[in-house]
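Listed below are the residues making up each chain.
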Amino acid sequence: MKDILQEFDLLKENPGAGTGTTWLECGGEILESVSPIDGQILGRVRQASGANYDEVAVRASTAFEEWRMVPAPKRGDIVRQIGNAVRTRKQELSTMLSLEVGKIRPEAEGEVQEMIDMCDFAVGQSRMLYGLSMHSERPRHRMYEQYHPLGPIGVITAFNFPVAVWAWNAMIGLIAGDTVVWKPSSKAALTALATAKIIGHVLHENDLPEGILNVVIGSRDEVGEKLIADRRLPLISATGSVAMGRRVGQVVASRLGKSLLELGGNNAVIVSSKADLDLAVRAILFGAVGTAGQRCTSIRRIIAHKEIFNPLTEALIEAYKQLVIGNPLENGVLVGPLIDAEAVENMQRALEEIKSQGGRVLYGGEILSGGIYDVGTYVTPCICEVSNDCPIVQEETFAPILYMIPYETLEEAIQYHNDVPQGLSSAIFTTDLRESEIFLSHLGSDCGIANVNIGTSGAEIGGAFGGEKDTGGGRESGSDAWKIYMRRQTCTINWSREMPLAQGIEFGIE
Ligand code: SIN
């Protein structure tokens, strides 16, 4: 394998702001990209300063004037080429992703595939930016609504899905006629630059203006705060913690902009006494342990009927014992490292709280040591028994900790299920039609995503992705999520020689 930086024409030190083809002379501090796999420094990024951010925002605004004039299906054709370019670089980009954020290879490849799928979806959507037409109450009038490009938009992404979540927003933004200013997590800076380089080639080959897709890597104070307060950006889409989302929501609302927030999850699975337990164990394993428990959609709580509580717990512990934890690039490894030392500390702090609140650690939770483990980021995924009223159950700890909570009636299970501030993803395992219908009804799960006999994570791009309550209410990716990236306009045309008013109002001089 060539050096991974060379694969993307990246250097040991790279400017943190640019368009994929041209890069700015950046004035911010140096950021080191450290691999959680073994602590090696993968490369460095000279971060953007506030002034660099402004240059990027000007370019994005100027490029918007031109990009919005390209017909939507032609914009779709550019997105098709982006998808094809990523297809040819899937291996390299997923290796970069594994190295920088520690995802195991199959999950890293899955994430890049998700970007490719998103491009395909967006190409189709580019011919389906449908408005509605409605019958006017006035004679010889026509009424309809249409969607126009919105403007340059800001997209803030988290470390755990640097490529896919970016694509959910950026590919739809592009076909909508928007230009994009992307502020990726500084924990996935090189992956973002590599993605921008792939896309930059496509834009360059098509002679498109600079500034359609921009990356700006910088600190919260220098760049993040400027971006969210920037009136030139009518929409800010932000993925991350609830605390981050509250700040983004407040600042964007204070300038009456639009925000699309995809924040924390505290996702639960109800396992009924009528569940297919084998299916449930397989799904819970991926949902709780996949991406080392660092997905917004990771399973954090199992609410299990008391009749199957013990066999389910035992089966899960048996499955956890067989997990291979190690270098995510090696075949057979299912659990890679946590993103950094801070994540490990947060996990340990949560485990202390669980114990002090009367919970019991049934399996795992250790920090591993020896060989590659000495870097300090590898942990054993953990299963704990807790009662639903332990305060820690209310929190999302971004680590592989699974709470086992017993229940007696479905009503009680649903009450426990909804009794957290977050509302992203949810599932029930049951073979009883009534139970699954109750769960999916308005009496059931209060989450943005509700599944039956599958886990909470690994959403398909075709549906709208997002959640309720502290998860922020945003929807991105598929379905009609494209609408927020456009400006809706209702039009009424009078083709008569009269001037009737709506609601029958008479107003005029004789
Ligand atoms: C995430 O956004 O963290 C995960 C998405 C998924 O699991 O579908």
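Here goes a summary of the coordinates provided. (Residues numbered from 1 in each chain as written. Predicted model: local features only at pLDDT ≥ 70, side-chain atom pairs only at ≥ 80, totals over all residues. Heavy atoms only, no water.)

## Let's talk about the pairing of strand β3 (residues 30-34)
Applicable threshold: Think of it in three bands: residues with accessible area under 20% of the maximum for their type are buried, residues over 50% are exposed, and the middle band is partly exposed, with areas taken using a 1.4 Å probe on protein chains only. Each helix is a run of DSSP H or I of at least 4 residues and each strand a run of E of at least 2, with the numbering of both proceeding from the N terminus. When DSSP finds two or more bridges between two strands, those strands count as paired.
Taking every second residue as pointing to the same face, the buried face of β3 carries L31 and S33, while none of I30, E32 and V34 on the other face is buried. Across five bridges, the pairing between β3 and strand β4 (residues 41-46) is antiparallel. Pairing of E32 across the sheet is with R44, part of β4. Connecting β3 to the next strand, β4, in antiparallel fashion are six residues, including G39 with a positive phi near 80°.

## Concerning the nonpolar core
Using the following cut-off: Residues enter a nonpolar core if they are buried and are Ala, Val, Leu, Ile, Met, Phe, Trp, Tyr or Cys, with the set joined through side-chain atoms within 4.5 Å. Should any heavy atoms of two residues lie within 4.5 Å, those residues are considered in contact.
Within the largest apolar cluster, 134 residues are counted, with the highest numbers of intra-cluster contacts made by I82 and M171. Non-local contacts of I82, meaning those with residues more than four positions away in its chain, are made with M115, C119, M171, L174, I199, V202 and L213. Core analysis: the next-biggest nonpolar cluster, separate from the first, contains 23 residues, L24, V216, A238 and L261 among them.

## Some words on the site of the ligand
This is how it is decided: The cutoff for a nearby residue is simple: one of its non-hydrogen atoms must lie within 4 Å of the molecule or strand. Here a polar contact is recorded for every N or O atom pair within 3.5 Å, except that within protein the pair must consist of a potential hydrogen donor and a potential acceptor, and residues adjacent in sequence are included only if both atoms are side-chain atoms. Method for areas: the Shrake-Rupley scheme with a 1.4 Å probe, in which residue coverage is limited to the protein chains shown. Under this grouping Gly is polar, as are all residues other than the nonpolar Ala, Val, Leu, Ile, Met, Phe, Trp, Tyr, Cys and Pro and the charged Asp, Glu, Lys and Arg.
In the vicinity of the ligand, the residues found are N160, F161, E262, R295, C296, T297, S457, G458, A459 and F465. A459 is positioned with one of its backbone polar atoms (N or O) 2.7 Å from an oxygen atom of the ligand. Protein contacts shield 99% of the accessible area of the ligand, which totals 260 Å² for the unbound molecule. Tallied by class, the residues present in the shell around the ligand amount to four nonpolar, four polar and two charged.

## A few points about the packing of helix α10 (residues 277-289) against helix α11 (residues 306-321)
Let me state the cut-off plainly: Only the contacting stretch of a helix is used when fitting its axis, a line to C-alpha atoms as for every element, and angles between N-to-C directions run 0 to 180 degrees. For classification purposes, an angle smaller than 35 degrees is called roughly parallel, one larger than 145 roughly antiparallel, one from 65 to 115 roughly perpendicular, and anything else oblique. Crossings are classed by handedness, with left-handed meaning an anticlockwise turn of the near helix from the far one by less than a right angle and right-handed meaning a clockwise turn.
Interaxial distance between α10 and α11 falls to 10 Å at its minimum, and their mutual angle equals 50°. In terms of their interaxial angle, α10 and α11 are classed as oblique. Between α10 and α11 lies a crossing whose hand is right-handed. On α11, the residues touching L277, V281, I284, L285, A288 and V289 of α10 are I308, P311, L312, A315, L316, A319 and Y320.

## Re the pattern of salt bridges
Where we set the bar: In the sections that follow, a salt bridge refers to a side-chain nitrogen of Lys or Arg positioned within 4 Å of a carboxyl oxygen of Asp or Glu.
Enumeration over the complete set of coordinates arrives at 25 salt bridges. R44 is paired through a salt bridge with E32; the nearest N and O atoms lie 3.3 Å apart. Taken together, the positions of R44 in strand β4 and E32 in strand β3 put the pair twelve residues apart, joining distant regions of the chain. Put simply, E468 and R475 hold a salt bridge, and the shortest N to O gap is 2.5 Å. We classify E468 as partly exposed; its relative accessible area is 32%. Within the structure, one salt-bridge network assembled from shared partners comprises D54, K226, D230 and R232.

Function cannot be read off these values alone, since they describe shape.
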